[in-house]
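Residue strings, one per chain:
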Amino acid sequence: MGNVGARERINYTLVGAVANQASRLEALNKVYGTEILASGEVARPTADRFVWRPIDRIVAAGTTEVIEIFEPLGESDSAPRHAAFLEHWHAGHAAYVEGRFEAAVISFRAAAALRPNDGPCRTFLERCAAMIEGGVSPGLEGGSEGGWDGIWRFDKK
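Residues numbered from 1 in each chain as written. Predicted model: local features only at pLDDT ≥ 70, side-chain atom pairs only at ≥ 80, totals over all residues. Heavy atoms only, no water.

This next bit is on the overall build of the protein. A tally of regular secondary structure across the protein gives 5 helices and 6 strands. Helices and strands in the protein line up, N terminus first, as β-β-α-β-α-β-β-α-α-α-β. (Helix = DSSP H or I, 4+ residues; strand = E, 2+ residues; numbered from the N terminus.)

Written as structure tokens, this is what we have:
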């Protein structure tokens, strides 16, 4: 953050890596059907104040850094209201990361049954279907030595 511009016209603005990451996170809301996304750098230190849902581990277009992204679901006192949904979501998310896409579909469908308009459920159900149809399994896509590593890589901004 700082002043940018000439003496006659000064604009206090945010620049640099933090601004780029914030811009990328904002754009990812369209991909996941969310309103707010935050990095793990924000979610982890505030986990005692907010209910966070892990969404994905990604590499944004034009970068090589893996970013964990989270969605805030509410303040911590709302945790009981999200418990059943998050149980299914966490099971689906873990299965997805492990490359067990059929199991992930079952859990994401159960989560979606509780929240029919949930964008991330829709996104991950579509991804899992594509992975199953394409024959992707652990050892075939993405990560080290060609193995699935649970990280989604974006090639377009």
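Turning our eyes to something else, we now look at the packing of aromatic side chains. Using the criterion set out here, one finds 10 aromatic pairs in the structure. Measuring from ring centre to ring centre gives 4.9 Å for Trp 89 and Phe 108, while their planes differ by 50 degrees; the resulting arrangement is tilted. Taken together, the positions of Trp 89 in helix α3 (residues 79-97) and Phe 108 in helix α4 (residues 101-114) put the pair 19 residues apart, joining distant regions of the chain. Take Trp 89: its relative accessible area is 0%, and that puts it in the buried class. With 5.6 Å between their ring centres and 70 degrees between their planes, Phe 101 and Trp 148 make a pair best called edge-to-face. Of this pair, Phe 101 sits in helix α4 while Trp 148 is found in the loop between α5 (119-133) and β6 (151-153), placing the two residues 47 residues apart along the sequence. Taken individually, Phe 101 and Trp 148 each receive the classification buried, so the pair is uniform in this respect. Clustering of aromatic rings is evident, with ring pairs tying together Tyr 32, Trp 89, Tyr 96, Phe 101, Phe 108, Phe 124, Trp 148 and Phe 154. Lying across the ring of Phe 124, Arg 127 places its NZ or CZ 4.9 Å from the centre. (Phe/Tyr/Trp six-rings, centres within 6.5 Å; stacked < 30°, edge-to-face > 60°. Buried < 20%, exposed > 50% of the residue type's maximum accessible area, 1.4 Å probe, protein only. Lys NZ or Arg CZ within 6 Å of the ring centre and 35° of its normal.)

Moving on: the confidence of the model for the protein. Across the protein, the average pLDDT comes to 86, with 80% of residues at 70 or higher. Averaged over each element, pLDDT in the protein is lowest for strand β1 (residues 2-5) (54) and highest for α4 (98). (pLDDT = per-residue confidence, 0-100.)

Moving on, we get to the sheet that holds β6. Pairing within the open sheet is mixed, and its 4 strands lie in the order β3-β5-β4-β6. The open sheet has two free edges, formed respectively by β3 (38-39) and β6, since each of these has just one partner strand. Taken together, the 9 bridges between strand β4 (residues 50-59) and strand β5 (residues 66-75) define a ladder with antiparallel strand orientation. Residue pairing for β5: Val 59 is matched across the bridge by Val 66. On the sheet, α3 packs against β4, β5 and β6 and is oriented at approximately 20 degrees with respect to β4. Of the strands in this sheet, β4, β5 and β6 touch α5, which is tilted by about 35 degrees from β4. (Pairing = 2+ DSSP bridges. Contact = heavy atoms within 4.5 Å. Axes fitted to C-alpha atoms, helices over the stretch in contact; angles between N-to-C directions.)

Our next topic: the side chain of Arg 127. Tracing the sequence through the fold places Arg 127 in helix α5. The exposure class of Arg 127 is buried, given its relative accessible area of 7%. Only 3.1 Å separates the side chain of Arg 127 from the side chain of Tyr 32, close enough to count as a polar contact. Once residues lying within four places of it in the same chain are set aside, the contact partners of Arg 127 are Tyr 32, Asp 56, Tyr 96, Trp 152 and Phe 154. (Polar contact = N/O pair within 3.5 Å; in protein donor to acceptor, adjacent residues only side chain to side chain.)

The subject of this paragraph is the pattern of salt bridges. Tallying each qualifying case throughout the model produces 6 salt bridges. For the salt bridge of Arg 53 with Glu 71, the shortest nitrogen-to-oxygen distance reads 2.5 Å. Note that Arg 53 is positioned in strand β4 and Glu 71 in strand β5, a separation of 18 residues in sequence. Take Arg 53 and Glu 71: they sit in the same class, and that class is buried. Linked through salt bridges whose partners overlap, the residues forming this network are Arg 53, Glu 71 and Asp 118. (Salt bridge = Lys/Arg side-chain N within 4 Å of Asp/Glu carboxyl O.)

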